[in-house]
Amino acid sequence: MSTTTTSTAAPRFRESITLVAGREVMQKLRSKAFVISTIILMLVVLASIVIGGLVSRNQGDTPVAAVGVVAEQLEGLPGIEVTEVPTRAEAEDLVREGEVDGAAVPLENPADGGPAMEVIGLEEAPGILIQALSIAPEVTLLDEPSVDGFLAYFVALGFGIVFFISAVTFGGTIAQSVVEEKQTRVVEILLSSISSRALLAGKVVGNSILAFGQIIAIAVLAGIGLMVIGQDILISDLGPSVVWFLGFFAIGFVLLAAMYAASASLVSRMEDVGAVLTPVTYLVMIPYFLVIFFNNNELVLGITSYVPFSAPVGMPMRIFLETAQWWEPLVSLAILVVTTVVVVALGARIYQNSLLRTGSRVKLGEALRG
Amino acid sequence: MLQIENVTKRFGDRVALDDVSFRVGAGRLTGFVGGNGAGKTTAMRIILGVLASDSGRVTLHGEPLTTDDRRRFGYMPEERGLYPKMRVHEQLVYLARLRGVRARDAAVRADELIDRLELTERRDEPIEKLSLGNQQRAQIAAALVHDPDVLVLDEPFSGLDPMAVETVLGVLGEFAARGAPVLFSSHQLDLVERLCDDLVIIAGGGIRAAGSREELRAANTGSQWELLSGEDAGWVRDMPDVAVLEFDGGYVLFEADADAAQVVLQRAAALGAVHSFTPRRPTLTEIFREVVK
């Protein structure tokens, strides 16, 4: 009789979850497709910020040629970089060559009280130069400036795309992982070792860590990119809404993950996953489009910021637009947490009742009843 | 000792197991035999706690099974499968750790089994790259990697080449010799007959026969007798209350009650030398056919 050298402290619930989650993470990190697509996503984020920054930097000082006394007058005007040239002909040459955007020369015979200089352009009047030379009337704003609509659209798009891509990518990963275990029948060995709850929780935790890690990486990368191109101001504007987004996402993803896992457990073959996931995919997509298209409609945005599926995008958006009261994100977060708890409980039930039923698709009602 | 007590399981209207009771003795290799759909897999799933029974219970050493007990079970499900993309060693370690084995012990144990089951060269290949026979070996390793206290194996020999069957038989024998209850199902009745200490025969969701192999054979020994004598045994056909089933020179197989058989024996001894006279023990296949009728 050989002695048992193998130690067996029975793993408790949490240790089982850790093991399952660890496997999910390792398998995903080992997948070349995942690593490459993540790198591409990161590069796209970085590139769009850097290119955006370069484009806006080009709108810096406008090079202008000037002759004689005019050069002295132009010196010190905002947004203008003066190149002094001796003659009008040389100034025109620089304009033609594209070295400067425009030129200013003294009028040979200025009319009394009229302008004393002439502006030369190539195909159109150099707007910035003319603006700099004009006298602007005094302006008084009665209200604080609101966020520019274009920027709001891009921020909505940013939150929306990040949420959508992560939800679909990692929700899909969970779904595949569930069906893989059913299809290969390894699930029966797993269920003889650990409970279906531990298995489900491990999957959700593992993929949430991956999704959250990816989102934080994107946020950090975007932050670094913005700092490098000198857009620190945007960071302080976006900061609070990004922090709320991360908080909402962390819980919102658990909600979606439970739905993906429960839906996938109804089928036994990879081919059937697509059909069974369609309702969940719509749930992810609809709020995302609502937020993007109605980011300037306060009513729609107000509603989406409370509906659990769209709150992770809608509420940070309202925080960015400064239309949310301080307590609103807390209430919305509470609604999200309660919904998540209920959905996870239902999802675990469906999952448990469907795991060993192979063959044709399990009906939702049967899965809930058990 | 693993004991199944009055277990009933219904799927909708269909009764898969009807008041099923049997036991798997410590250190006994117990064969679980039955036709397709007889309830073997359902019973095994209930023992493992993968399925819940409607009524009845499963006990180990007299105590109802707990989750911790079941972690110490080795299980090979009927429908085979491991993670296709995980490597053999890595997968065995993972499954062992799910059952509570420490990482370092799991790694050592997995390597031992890989060598034992002749998978050494496939150690770090993903399961999907292995031949079917080797996948089957990996599956057996998965059932044994946590050094279980009880083994429940559904058709462990199907899909194995004869060499692998011998290897697995050796491993199962070792477990039984250590005092572990071992329950396995098989369609290969000759294998079961050769290997098993005990037998459980199930049909239509009910246990038809259970006990040690010899008890079962004795219990099913009917009124058939074999006689091998030095003389031609043709005269047996003319004896009263005797029906000859087979006859070949000095050999005769006949059916009779015990008294009539004794009369035949005395007559044979009077006529010449009697080489053997025995009640005929049925083979497992015959018993099986008889009890599931």
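- The name that an unreviewed UniProt entry assigns to chain B is ABC transporter ATP-binding protein, with the source organism given as Microcella pacifica.
- The heading Sequence similarities (unreviewed entry) in the UniProt record of chain B holds the text "Belongs to the ABC transporter superfamily."

- By the naming in an unreviewed UniProt entry, chain A goes by ABC transporter permease and is assigned to Microcella pacifica.
- The UniProt entry for chain A carries the following text under Subcellular location (unreviewed entry): "Cell membrane".

### Quick look at the overall build of chain B
At step 1: Check the secondary structure of chain B and you find 10 helices and 14 strands.
At step 2: Along the longest, intermediate and shortest principal axes, the C-alpha atoms of chain B span 75 × 45 × 30 Å.
At step 3: Burial analysis of chain B (293 residues in total) assigns 52% to the buried set.
At step 4: For chain B, the proportion of contacts with a sequence separation of at least 24, taken over those separated by at least 6, is 67%.
At step 5: Carbon and sulfur atoms provide 47% of the accessible area of chain B, an area that totals close to 13,000 Å².
At step 6: Separation of charge centres in chain B, based on 35 positive and 45 negative side chains, amounts to 7 Å.

### A look at the domain arrangement of chain A
For an interface, size is often stated in terms of accessible area lost upon the parts coming together.
At step 1: We note that the domain assignment places domain 1 (14–54 + 146–369) and domain 2 (61–127) within chain A.
At step 2: The centre of domain 1 of chain A, based on its C-alpha atoms, is set 56 Å off from the matching centre of domain 2 of chain A.

### A word on the UniProt feature "domain: ABC transporter" (unreviewed entry) in chain B
At step 1: The feature "domain: ABC transporter" (unreviewed entry), as given by UniProt, occupies residues 2–229 of chain B in the numbering adopted here.
At step 2: With 36% helix and 29% strand, the stretch residues 2–229 of chain B has end C-alpha atoms that lie 47 Å from each other.

### A closer look at a nonpolar patch on the surface
Residues and elements named next belong to chain A.
At step 1: A surface patch of nonpolar side chains, amounting to about 580 Å² of accessible area, comprises Tyr282, Ile286, Phe289, Leu290, Phe293 and Phe294.
At step 2: Tracing the backbone through its elements, the reader meets Phe294 in the loop between helix H10 (273–293) and helix H11 (298–304).
At step 3: On the basis of relative accessible area, Phe294 is assigned to the partly exposed category, the value being 33%.

### Overview of empty space enclosed by the protein
All names here are of chain B.
At step 1: All chains considered together, the criterion is met by 3 cavities of 30 Å³ or more.
At step 2: Here the largest cavity is characterised by a volume of approximately 40 Å³.
At step 3: Lining of the largest cavity is provided by Ile4, Val7, Leu17, Val20, Phe22, Ala43, Ile46, Ile47 and Val58.
At step 4: Elements with a contribution of two residues or more to the lining of the largest cavity: strand S1 (2–11), strand S2 (14–24) and helix H1 (40–48).
At step 5: Classifying every residue of the lining of the largest cavity gives 9 nonpolar, no polar and no charged.

### Concerning the pattern of salt bridges
At step 1: Evaluated as defined, the whole model comprises 31 salt bridges over all chains.
At step 2: Arg30 of chain A serves as the salt-bridge partner of Glu90 of chain B, at 2.4 Å between the closest nitrogen and oxygen. Taken together, the positions of Glu90 of chain B in helix H3 (residues 88–98) and Arg30 of chain A in helix H1 (residues 13–30) put the pair across two chains.
At step 3: Judged by relative accessible area, Arg30 of chain A falls into the partly exposed class, the value being 32%.
At step 4: Arg269 of chain A serves as the salt-bridge partner of Glu271 of chain A, at 3.9 Å between the closest nitrogen and oxygen.
At step 5: Through salt bridges that share partners, Arg88, Glu92, Asp93, Arg96 and Glu118 of chain A make up one connected network.

### Focus: the packing of aromatic side chains
At step 1: One pass over the full model with this rule turns up 13 aromatic pairs over all chains.
At step 2: Ring centres 5.8 Å apart and planes at 75 degrees place the aromatic pair Phe34 of chain A and Phe170 of chain A in the edge-to-face group. In this pair, Phe34 of chain A sits in helix H2 (residues 32–58) while Phe170 of chain A sits in helix H6 (residues 149–183), placing the two residues 136 residues apart along the sequence.
At step 3: Given a relative accessible area of 0%, Phe170 of chain A falls into the buried group.
At step 4: On the basis of an interplanar angle of 50 degrees and a centroid distance of 6.0 Å, the ring pair of Trp244 of chain A and Phe248 of chain A is categorised as tilted. Note that Trp244 of chain A and Phe248 of chain A are positioned in helix H9 (residues 232–264) at a spacing of 4 residues, about one turn of the helix.
At step 5: On the basis of relative accessibility, which here comes to 26%, the residue Trp244 of chain A falls in the partly exposed class.
At step 6: Residue class for Phe248 of chain A comes out buried when judged on its relative accessible area of 0%.
At step 7: Directly above the ring of Tyr83 of chain B sits Arg23 of chain A, whose terminal nitrogen or CZ lies 3.5 Å from the centroid.
At step 8: Over the ring of Phe247 of chain B we find Arg237 of chain B, and its NZ or CZ is 4.6 Å from the ring centre.

### Examining the confidence of the model for chain A
It should be kept in mind that the predicted coordinates are not to be read in detail where pLDDT is low.
At step 1: Residues of chain A with pLDDT of at least 70 account for 89%, and the chain-wide mean is 82.
At step 2: Note on residues 1–10 of chain A: pLDDT under 50 across the span, and 23 contacts to partners over four residues away in sequence or across chains.

### Quick word on the interface of chain A and chain B
At step 1: If you look at the interface, chain A gives 29 residues, while chain B gives 33 residues.
At step 2: Buried area between chain A and chain B, summed over both chains or domains, comes out near 3,100 Å², and the portion from carbon and sulfur atoms is 55%.
At step 3: A per-residue breakdown of the area chain A buries against chain B is headed by Leu19, Glu188 and Ile189 of chain A, which together make up 19% of the total.
At step 4: In this structure, the connection of chain A to chain B is made through 2 salt bridges.
At step 5: Where chain A touches chain B, the interface holds 7 residue pairs in polar contact (both at pLDDT 80 or more).

### As for the packing of helix H12 (residues 311–320) of chain A against helix H13 (residues 328–354) of chain A
Residues and elements named next belong to chain A.
At step 1: H13 packs onto H12 with a crossing angle of 175 degrees between their chain directions and a minimal axis gap of 10 Å. For the element pair H12 / H13, the angle class is roughly antiparallel. Here Ala311, Met315, Arg318 and Ile319 of H12 come into contact with H13, specifically with Glu328, Pro329 and Ser332.
At step 2: Looking at the contact of H12 with H13 residue by residue, the classes come out as 4 nonpolar, 1 polar and 2 charged.

### Brief notes about the nonpolar core
At step 1: By size, the foremost hydrophobic cluster in this structure holds 160 residues, and its most contacted members are Leu2 and Phe157 of chain B.
At step 2: Sort the elements by how many residues they give to this core and H9 of chain A lands first, with 15 residues.
At step 3: Every residue in contact with Leu2 of chain B, bar those within four places of it in the chain, is listed here: Phe22, Arg23, Val24, Ile47, Val58, Thr59, Leu60, Leu65, Phe73, Val150 and Pro181 of chain B.
At step 4: Core analysis: the second largest hydrophobic core is formed by 15 residues, Trp235, Met239, Phe254 and Val264 of chain B among them.

Reading the values: the criteria
Residues numbered from 1 in each chain as written. Chains lettered and ligands numbered in written order. Predicted model: local features only at pLDDT ≥ 70, side-chain atom pairs only at ≥ 80, totals over all residues. Heavy atoms only, no water. UniProt positions renumbered as here; feature names shortened; annotations may be inferred. Helix = DSSP H or I, 4+ residues; strand = E, 2+ residues; numbered from the N terminus. Buried < 20%, exposed > 50% of the residue type's maximum accessible area, 1.4 Å probe, protein only. Contact = heavy atoms within 4.5 Å. Areas by Shrake-Rupley, 256 points an atom, 1.4 Å probe, with all protein chains shown as cover. Lys, Arg positive; Asp, Glu negative; His and termini not counted. Charge placed at Lys NZ, Arg CZ, Asp CG, Glu CD. Domains from an automatic or database assignment. Patch = residues over 30% accessible without salt bridge, like charges linked within 9 Å, V, L, I, M, F, W, Y side chains within 5 Å. Salt bridge = Lys/Arg side-chain N within 4 Å of Asp/Glu carboxyl O. 1 Å grid on protein atoms, 1.4 Å probe; cavity = no way out; pocket = protein on both sides within 12 Å on 5 of 7 lines; lining within 4 Å. Points joined across faces, edges and corners; volume = space filled by probe spheres on them. Nonpolar A, V, L, I, M, F, W, Y, C, P; charged D, E, K, R; others polar. Phe/Tyr/Trp six-rings, centres within 6.5 Å; stacked < 30°, edge-to-face > 60°. Lys NZ or Arg CZ within 6 Å of the ring centre and 35° of its normal. pLDDT = per-residue confidence, 0-100. Buried area = accessible area lost by both parts, 1.4 Å probe. Polar contact = N/O pair within 3.5 Å; in protein donor to acceptor, adjacent residues only side chain to side chain. Axes fitted to C-alpha atoms, helices over the stretch in contact; angles between N-to-C directions. Parallel < 35°, antiparallel > 145°, perpendicular 65-115°, else oblique. Core = buried A, V, L, I, M, F, W, Y, C linked by side-chain atoms within 4.5 Å.

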